[in-house]
Structure formats: C-alpha cells, structure tokens
Amino acid sequence: GAAEAFHQSAVLFQSAMSSFRGILEYVLTEDPERAVLLGNNVYYELESMTEHEGFRTRMIDERDIDGIAAAAGSGEISAFFMDPIANSMINPKVTGQDRLNYPAFDLKNIITRLCSLHYDKPFYFVLDITSMGPLFQLSEYLKGLDVPANLHFIQVESGQKLVTDGEEPSTSGVVYVD
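The model shown is predicted, which means the values in this text are computed figures rather than measured ones. (Residues numbered from 1 in each chain as written. Predicted model: local features only at pLDDT ≥ 70, side-chain atom pairs only at ≥ 80, totals over all residues. Heavy atoms only, no water.)

Undergrad: It is not clear to me how the confidence of the model for the protein chain should be interpreted in this structure. Could you clarify?
TA: Low pLDDT marks stretches whose predicted atomic positions should not be read closely. Averaged over all residues, the pLDDT of the protein chain equals 78, while 70% of them reach at least 70. Confidence, expressed as mean pLDDT per element, reaches its minimum in the protein chain at helix H6 (residues 159-163) with 55 and its maximum at helix H3 (residues 65-73) with 97. (pLDDT = per-residue confidence, 0-100. Helix = DSSP H or I, 4+ residues; strand = E, 2+ residues; numbered from the N terminus.)

Undergrad: Is there a simple way to think about the packing of aromatic side chains in this case?
TA: The geometry of an aromatic ring pair is captured by the separation of the ring centres together with the interplanar angle, meaning the angle of the planes. Using the criterion set out here, one finds 6 aromatic pairs in the structure. Considering the side-chain rings of Phe20 and Phe81, the 6.2 Å spacing of their centres and the 55° angle between planes classify their relative orientation as tilted. With Phe20 in helix H1 (residues 16-30) and Phe81 in strand S4 (residues 77-82), this residue pair connects regions lying 61 residues apart in the sequence. Given a relative accessible area of 1%, Phe81 falls into the buried group. Ring geometry for Phe136 against Tyr141: centres 5.3 Å apart, planes inclined by 45°, an arrangement best described as tilted. Each member of the aromatic cluster is reached from another via a ring pair, and the members are Phe80, Phe125 and Phe153. (Phe/Tyr/Trp six-rings, centres within 6.5 Å; stacked < 30°, edge-to-face > 60°. Buried < 20%, exposed > 50% of the residue type's maximum accessible area, 1.4 Å probe, protein only.)

Undergrad: What should I look at first to understand the side chain of Asp31 in this one?
TA: Inspection of the secondary structure puts Asp31 in the loop between H1 and strand S2 (35-39). On the basis of relative accessible area, Asp31 is assigned to the buried category, the value being 14%. A distance of 3.3 Å separates polar atoms of two side chains, one belonging to Asp31 and the other to Lys121. (Polar contact = N/O pair within 3.5 Å; in protein donor to acceptor, adjacent residues only side chain to side chain.)

Undergrad: Could you clarify how one ought to interpret the packing of H1 against helix H2 (residues 44-53) in this entry?
TA: How two helices pack is summed up by the angle between their axes together with the distance between the axes. Following both chains from N to C, one finds H1 and H2 inclined at 45°, their axes separated by 11 Å at the closest point. Regarding the angle of H1 to H2, the classification is oblique. Handedness of the H1/H2 crossing: right-handed. Every residue of H2 that contacts H1 at Met17, Phe20, Arg21 and Leu24 is listed here: Glu45, Leu46, Met49, Thr50 and Glu53. (Axes fitted to C-alpha atoms, helices over the stretch in contact; angles between N-to-C directions. Parallel < 35°, antiparallel > 145°, perpendicular 65-115°, else oblique. Left-handed = near helix turned anticlockwise from the far one by under 90°. Contact = heavy atoms within 4.5 Å.)

Undergrad: Looking at this model, I keep getting lost on the side chain of Ser78. Mind explaining?
TA: As for its position among the elements, Ser78 is in strand S4. In contact with Ser78, not counting residues within four places along its chain, are Val27, Leu28, Arg34, Ala35, Val36, Pro122, Phe123 and Tyr124.

Undergrad: Even after reading the chapter, I still don't get the pattern of salt bridges, so can you show me in this structure?
TA: A side chain of one charge can pair with a side chain of the opposite charge when the charged atoms of the two come close. Tallied over the entire structure, the rule returns 6 salt bridges. Residue Arg21 is joined to Glu25 by a salt bridge in which the shortest nitrogen-to-oxygen separation is 2.9 Å. Placement of both Arg21 and Glu25 in helix H1 is noted, with a separation of 4 residues, approximately one turn of the helix. Here Lys121 and Asp31 are joined by a salt bridge, their closest N and O atoms 3.3 Å apart. Of this pair, Lys121 sits in the loop between helix H4 (107-115) and strand S5 (123-128) while Asp31 is found in the loop between H1 and S2, placing the two residues 90 residues apart along the sequence. On the basis of relative accessibility, which here comes to 42%, the residue Lys121 falls in the partly exposed class. The network of salt bridges with shared partners includes Asp31, Arg34 and Lys121. (Salt bridge = Lys/Arg side-chain N within 4 Å of Asp/Glu carboxyl O.)

So, in structure tokens, the structure goes:
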C-alpha cells in the first residue's frame, strides 16, 4: 500500500539484543529455509550472536544497493538487518585506522529499491535506529513510495544508548513495527 497509510506499533524488550533475537527467531521460524542478510556494519554483538546460535546469515556491504536488492528479491532471504550509523568505533574486530572509517550509506535509495521489488513471501527490513537521533522518521523516507504488501519495516532502538546515553544500569530495547 501507499506509504501514507504507514502505521506503527511498538514492543518493549529487556534489551536491544533481546529485540534482535526476537526478530531473528520470528523471521527464521516463519520460514527456516531462508537466510537473513546482515549489513557489514551491524552491531558486532548481533553478528556474534547469529554465528554462535547457528542462524543462517549472509553478510553484505550496505553500499552495494544492487546486491541488497538482488538478495531481497531472490526469495532466499527473509530479512535485511542494517545499522545506518555503523558501530565501527566499538567493534573489536575493527582495529587501527579502520575504526575512523564510517561508511556512508544511501538509506533513501536502499528503501526506494526495496519498495520497487515484488515479494512472494514476507520480507523484513530491520533498521537499527539507535544512533539516528530523535528527528529520524521512517515515514519521511516512505513518502511517495508504493510499499509492497509483503515488505515490512522494523526499527530497533536501544533505550540505554539513546535515552540514557549508556549511563543507567537498566537496559531496554524498543521495536517499532509497521
């Protein structure tokens, strides 16, 4: 349907990681034969969790919009997890000068391409919006786009990092679902 009909609901989890786990379990339980696509710059603990738990995943450079679109449209992938801000500074796998190299992603173009595809099965675009700031509104990116019925947007936000700047001992994760 049209992006103007975009509706959101929110679910609160104990932490952002439990949010990611819940989403992974849902999309992989729904269709266990399909894999999940992880952007190269997702939170490193998400990548570690998927490896440890044996989730079927593939990695992709978030700047490869053609590759993302090809994977999303293939029917072999159930979800694409992306962190638009990137976690290069805190990822222990990234060392030296590479910690200072934040890749620039074209989020509007990624969303536009995903909306241009046909999906026979549900496909989920999972966006970690923790560091995007309070002015980020996914609905602004969807204006004027025809969102396919089987394309779903899920936004994850770490309450600890954004709301309390990591200062509080308590944690939370919020999932916004269209």
